[in-house]
Amino acid sequence: MNDSFILPSHPGLRYSGRWDQTDSQCYQTGRGAVRIKANFTGTYLALLLSGSDPDIWWRSRIDDGEEKRWQNTLPEGADLVLARDNIAPGPHTLTLARDSEGLGGISYFRGLILAPGEKLLPPEVPPRRRIELIGDSILAGAFALGTQDSTYLSNESSELAFGPVLARILQADYSVIATSGEGVVHNADETQRSSEISYAAGDYLRTLYSSGQPLWSPAGFKPQVILLNHGANDFEGGRLPSPTFFERGYHKLLELIRHKNPLSLIICLEPLPAEPALQAGPAIKLAVQKLNQQGDQKIHYLPLGDRSAILNPDDYADGEHLLASGHAKVARYLAPLVTRLAKW
């Protein structure tokens, strides 16, 4: 490689979200809404980026230009050119975000290629505020782009889900751990329990959704606020848990999150969509109250109440999952509530 090849470990690259940085020559991620930002010079920029599944979508933007959404379908080792002679010489900014959740597989980032003689500039200062977002398909942005295409991930947008939109409103850095169909003690359409099944607690411990190793270290991202939107899948399809069994599982999930994040404010959302929340909501509230009684006053239950006060019927893609318009409304609704609880 020439001197314009930038390794993933270059200090000029700023990462957000969960990345496996074990190999300095190839960073891996298996999460939605992970991001890379870079300041660079020159009129040429290419990515060395591949994926374990071609149905992984990304968003990219150069400076304040048009944001582009694309699939990385190039063969292994091919360069993906994002800018070539259509931007003026001088300093520029790359913003790159994965739009697909972990079900899309693993993405492999091997670096950038700049024009000869060009370089990376120092990265921007990270936001002071940090928020972690944990949930299921709603928080993964499933069907945020509609239902018109045949593939699941082509309709999904992790970046347009209410969590990342909320974080951007609050000017916070963010990390998303959201998996479609996942529950606390019961996954959607699960017919029988098995030790092979992963639930929210196991998922939370992993860096990559699809691999048990490496485990995630909170030292890599210390959120001041953690927002949970779990509980909907626990009461949909298959063999359903009792509210008591769910409450105990949610309690254990909160204990795990608190153990990993002793100083964070934890906000437990009454889950979207509305129907499962009728059973999940009271159990979540009870789990929070028990932990409050045990002395943890930095865990809160946040009810949503009447959804029609926040959303219109045309904000839903399929009557359950939100379109981007619905996610934006939920984010705007939550912003002042989270600001007040976090004292931001």
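The structure this text deals with has already been given above.
These numbers were taken from a predicted model, which means no experiment stands behind them.

### Topic: the packing of helix H2 (residues 162-169) against helix H6 (residues 324-342)
- Viewed as axis vectors pointing N to C, H2 and H6 meet at an angle of 50°, and their least axial separation amounts to 8 Å. Classified by the interaxial angle, the pair formed by H2 and H6 is oblique. Considering only the axes of H2 and H6, their crossing is right-handed. Listed contacts from H6 to Phe-162, Val-165, Leu-166 and Ile-169 of H2 are His-327, Ala-328, Val-330, Ala-331, Arg-332, Leu-334, Ala-335 and Val-338.
- For the contact of H2 with H6, the per-class residue count stands at ten nonpolar, one polar and one charged.

### A closer look at the pairing of strand S11 (residues 107-114)
- Buried residues dominate S11, accounting for six of its eight residues.
- Relative to S11, strand S1 (residues 5-6) runs antiparallel, the two being bridged by two bridges. Within the sheet, the bridge partner assigned to Ile-6 lies in S11 and is Leu-112.
- Where strand S4 (residues 26-29) lies against S11, three bridges are found, and the strand directions are antiparallel. The partner of Thr-29 across the bridge, within S11, is Ser-107.
- With seven bridges joining them, strand S6 (residues 44-51) and S11 adopt antiparallel strand pairing.

### With respect to the pairing of strand S14 (residues 172-178)
- Across the seven residues that make up S14, a large majority, seven, are buried.
- Of the two faces of S14, the one lined by Ala-172, Tyr-174, Val-176 and Ala-178 and the one lined by Asp-173, Ser-175 and Ile-177 are each fully buried.
- Across seven bridges, strand S13 (residues 129-135) lies against S14 in parallel orientation. Residue Ile-134 lies in a different strand from S14, and its bridge partner there is Ile-177.

### Let's talk about the sheet that holds strand S17 (residues 299-302)
- The five strands lie next to each other as S14-S13-S15-S16-S17, forming an open sheet whose pairing is parallel. Strands with a single pairing partner mark the edges of an open sheet, and in this sheet they are S14 and S17. Between one strand and the next, the sheet's axes are offset by a mean angle of 20°, whatever the strand orientation.
- As judged from the four bridges shared by strand S15 (residues 225-229) and strand S16 (residues 265-269), these two strands associate in the parallel manner. Pairing of Ile-226 across the sheet is with Ile-266, part of S16.
- In the packing of helix H5 (residues 274-293) onto the sheet, the strands contacted are S16 and S17, and the crossing angle to S17 comes to about 160°.

### A few points about unusual backbone geometry
- Cis geometry is adopted by the peptide bond preceding Pro-214, which originates at Gln-213 and carries an omega value of -5°.
- For Pro-214, the position within the fold is in the loop between helix H3 (200-205) and S15.
- The residue Ala-33 is not glycine, and still its phi comes out positive at about 65°.
- With respect to the helices and strands, Ala-33 occurs in the loop between S4 and strand S5 (35-41).

### With respect to the pattern of salt bridges
- The tally for this structure, following the rule as stated, stands at 16 salt bridges.
- Arg-31 is paired through a salt bridge with Asp-203; the nearest N and O atoms lie 2.8 Å apart. In this pair, Arg-31 is assigned in the loop between S4 and S5 and Asp-203 in helix H3, connecting sequence segments 172 residues apart.
- Among the residues examined, Arg-31 registers a relative accessible area of 2% and is labelled buried.
- The class for Asp-203 is buried, based on a relative accessible area of 0%.
- Here the salt bridges do not stand alone but share partners, grouping Arg-14, Arg-35, Lys-37, Glu-124 and Asp-173 into one network.

### Focus: the nonpolar core
- In this structure, Ile-131, Phe-162, Leu-166, Leu-227, Ile-267, Val-330 and Leu-334 are the most contacted members of the largest nonpolar core, which totals 34 residues.
- Those elements that place two or more of their residues in this core are S13, helix H1 (137-140), H2, S14, S15, S16 and H6.
- Looking at this core, the element that brings in the most residues is H6, giving eight residues.
- Apart from residues lying up to four places away in sequence, Leu-166 is in contact with Ile-131, Leu-227, Ala-331, Leu-334, Ala-335 and Val-338.
- Judged by nonpolar contacts, the second largest core, of 26 residues, contains Val-34, Phe-40, Trp-58 and Leu-80.

Calculation criteria
Chains are numbered independently. Their residues run from 1 in the order of the written sequence. Residues qualify for local features only when their pLDDT is at least 70, as the model is predicted, and side-chain atom pairs are given and counted only at 80 or more; totals for whole chains, interfaces and linings, by contrast, use all residues. Only heavy atoms go into the side-chain values, all of them from the structure, while hydrogens and water stay out. A fitted line through C-alpha atoms represents every axis, and for helices the fit uses only the stretch in contact; the resulting angles, taken between N-to-C directions, go from 0 to 180 degrees. Where helices and strands are cited, they refer to DSSP runs of H or I of at least four residues and of E of at least two residues respectively, numbered from the N terminus. Roughly parallel covers angles under 35 degrees, roughly antiparallel covers those over 145, roughly perpendicular covers 65 to 115, and oblique covers all other angles. In this scheme the handedness of a crossing depends on how the near helix is turned from the far one: anticlockwise by less than a right angle means left-handed, clockwise means right-handed. Pairs of residues are marked as contacts when any of their non-hydrogen atoms sit within 4.5 Å. Throughout, the ten residues Ala, Val, Leu, Ile, Met, Phe, Trp, Tyr, Cys and Pro are labelled nonpolar, Asp, Glu, Lys and Arg are labelled charged, and all others, Gly among them, are labelled polar. Using a 1.4 Å probe on the protein chains alone, a residue whose accessible area is under 20% of its type maximum counts as buried, one over 50% counts as exposed, and one in between counts as partly exposed. The pairing criterion for strands is at least two bridges between them, as found by DSSP. Counted as salt bridges are all cases of a side-chain nitrogen of Lys or Arg within 4 Å of a carboxyl oxygen of Asp or Glu. Working definition of a nonpolar core: buried Ala, Val, Leu, Ile, Met, Phe, Trp, Tyr and Cys residues. They are joined through side-chain atoms within 4.5 Å.

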